[in-house]
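# Chains, contacts and geometry: an overview
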Amino acid sequence: MPHSTPRLVSTRGSSQCEDFTSLKVQGLCPENGGLYVPSHFPHVGLPVLESWRGYSFPVLAQAVLSLYLPETTISTDDLKRLLEKSFSTFEDERVTPIVTIDANFHLLELYRGPTLSFKDIALQFLGNFLEYLVQKQTVDKPVVVLGATSGDTGSAAIAGLEGKTGIKVVILYPEGRVSLVQELQMITGNSANVTCLACPGSFDECQTLVKEAFADKDVQARFQLLGINSINIVRILVQTVYYFYSYLRLAKKIGDSIDYSVPTGNFGDILAGYYAKRMGLPLGQLVIAANCNDILPRFLNTGTYSLNNVVPTISPSMDIQISSNFERYLYELSGRNSEQVATWMHQLNTEGSFSVSSTELAQARRDFSGYVATRDGCLETIAQIARRSEGTMVLDPHSAIGVSAAIQARNHDIPIVSLATAHPAKFPDAVSKALDTVGIKNSPWLSHPSITALVGREKNVGKLSMFTLEALLKYL
Ligand SMILES: *Cc1c(COP(=O)(O)O)cnc(C)c1O
């Protein structure tokens, strides 16, 4: 096991290694279409974990991230300053508070940031980190963060990047297909460096145009484009921190096993848990919690990863059929065989599915379990938890899928942590429907001051007339 700072390699093979602090790795896709992954996982032994007990969230984040970011490119003091600034915007000083549902069953609240979804944790840091990198490195062209969003990513990215020096932000979203709260969070800001574009089509069309821009030689020559979507590796690393944080708060003895249940869409959040485990954190089961877009649980049942149509649900941030970050896990599963990964991805693109060997499937089942919550199961879970806690604990539909999966998966002798990924006030329709069934009216959880404050604010939104690079270029 090498002890040097990891560098970044591609899941589909490349002789090039990149540094975590290179602006290049912030792009959407490396030339060979793969994703960046750490060249190895730094090892954190039990005595080191023991010494991290009691660390505050920013201090722990520094301990974890400094394993990946060499001091020669970002000094300890600078990293400390960026982390303190990033997490000072959270409404709870613990950053990710833990609440207990019953003995051995805990909820990790990841939604205490500015846009009330777990995406703030990584994106609050990423905004400050990118600003720092852009200031330190001489870039000879305008720096533009370009992204497409189906809702939560866009608002969290804007909250992380608004007002940052030397960075322009352009976010595309499908007009009429994001929730009202999500849209208000994106378009009621007034930062000169942010442009939000309502687009005439679907999220996929927005995403395709963004990918086209990243791949276009002319655009590349004129702009330094940066990506903030969930395949950004820095986001994954920041997300490992709350696994460490919650483990260190909850483990009776360092070395004891703790299970995690994770509401999963693009596989970023749960991949962070897997990475933390590979770094030596003693995690037990990692439960993939899915809504009826169940490609990952089906994969664990059958060994075949096979695309279906996306079905819209009341947990829209998990309505995904291609879990992009799963490729990073496949890379590990194949024994870091980038040719194998490239073959699987090619089959997925051409035939809509691929299968792994029985040995690989057995390994995947040791690494993850998968459970599905239907719409009714999700609403019942919201109702059940609210009733048991007499209305003091209310879940949003995404978090409820995590809790439903945790109830199905849990082994009562081992603590389990279910990740709460959004505040219920972001999804008031579904949540109030569930609360009605147990006679809870006017729950304070159905609103939040940061959302109420958006209503009536001036809207700042552009309209993309059509999905062409020419139309987009006017806004870069
Ligand atoms: C993005 C999101 C998810 C899914 O997370 P992934 O990292 O894409 O698996 C779950 N819940 C909420 C509220 C989200 O915004």
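Residues numbered from 1 in each chain as written. Predicted model: local features only at pLDDT ≥ 70, side-chain atom pairs only at ≥ 80, totals over all residues. Heavy atoms only, no water.

Our focus in this paragraph is the sheet that holds strand β4 (residues 105-109). The six strands lie next to each other as β3-β4-β14-β9-β10-β13, forming an open sheet whose pairing is mixed. In the strand order of this sheet, the two ends are held by β3 (98-102) and β13 (369-372), each with one partner. Each adjacent strand pair in this sheet contributes to an overall mean axis angle of 25 degrees, direction not counted. Against the sheet, helix α10 (residues 268-278) engages β9 (258-263), β10 (283-290) and β14 (416-420), with an angle of about 170 degrees to β10. Strand contacts of helix α11 (residues 295-302): β10 and β13, with the helix running at about 130 degrees to β13, the strand carrying the most contacts. (Pairing = 2+ DSSP bridges. Helix = DSSP H or I, 4+ residues; strand = E, 2+ residues; numbered from the N terminus. Axes fitted to C-alpha atoms, helices over the stretch in contact; angles between N-to-C directions. Contact = heavy atoms within 4.5 Å.)

Before going further, it helps to spend a moment on the site of the ligand. Within the structure, the ligand sits among 15 residues, and K119, D152, G265, N266 and T421 are positioned closest to it. A distance of 2.6 Å separates an oxygen atom of the ligand from a polar side-chain atom of D152. At 2.8 Å, a backbone N or O of G265 approaches an oxygen atom of the ligand. Here the ligand, which alone exposes 390 Å², has 97% of that area covered by the protein. Class assignment of the residues belonging to the shell around the ligand gives a composition of five nonpolar, seven polar and three charged. (Near = heavy atom within 4 Å. Polar contact = N/O pair within 3.5 Å; in protein donor to acceptor, adjacent residues only side chain to side chain. Areas by Shrake-Rupley, 256 points an atom, 1.4 Å probe, with all protein chains shown as cover. Nonpolar A, V, L, I, M, F, W, Y, C, P; charged D, E, K, R; others polar.)

Moving on, we get to the pattern of salt bridges. A side chain with one charge may pair with a side chain of the opposite charge, provided their charged atoms come close. For the structure shown, the criterion picks out 18 salt bridges. Residue E131 is joined to K85 by a salt bridge in which the shortest nitrogen-to-oxygen separation is 3.9 Å. Residue E131 is located in helix α4 (residues 119-136), and its partner K85 is located in helix α3 (residues 76-87); the two are separated by 46 residues in the primary sequence. The class of K85 is partly exposed, set by a relative accessible area of 42%. Of the charged contacts, one joins R388 and D102 as a salt bridge, the two residues approaching to 3.3 Å between their closest N and O atoms. Of this pair, R388 sits in helix α15 (residues 375-388) while D102 sits in strand β3; the two residues are 286 residues apart in sequence, bridging distant segments of the chain. Take R388: its relative accessible area is 45%, and that puts it in the partly exposed class. Accessibility expressed as a relative area gives 26% for D102, which makes it partly exposed. Linked by salt bridges that have partners in common, E91, E109 and R112 make up one network. (Salt bridge = Lys/Arg side-chain N within 4 Å of Asp/Glu carboxyl O. Buried < 20%, exposed > 50% of the residue type's maximum accessible area, 1.4 Å probe, protein only.)

This brings us to α10. A large share of α10 lies buried, amounting to nine of its 11 residues. Of all the positions in α10, only G268, D269, I270, L271, A272, G273, Y274, Y275 and A276 are classed as buried. Following α10 by one or two positions, G280 adopts a phi angle in the positive range, close to 115 degrees.

Here we take up the pairing of strand β6 (residues 168-174). Buried residues dominate β6, accounting for six of its seven residues. As judged from the five bridges shared by strand β5 (residues 143-148) and β6, these two strands associate in the parallel manner. Bridge assignment links A148 to a residue of β6, and that residue is L172. Running through helix α5 (residues 152-161), the crossover from β5 to the neighbouring parallel element β6 is right-handed. In this structure, β6 lies alongside strand β7 (residues 194-199), joined through six bridges in parallel fashion. Pairing of P174 across the sheet is with C199, part of β7. (Right-handed = clockwise from strand over helix to strand, strands pointing away.)

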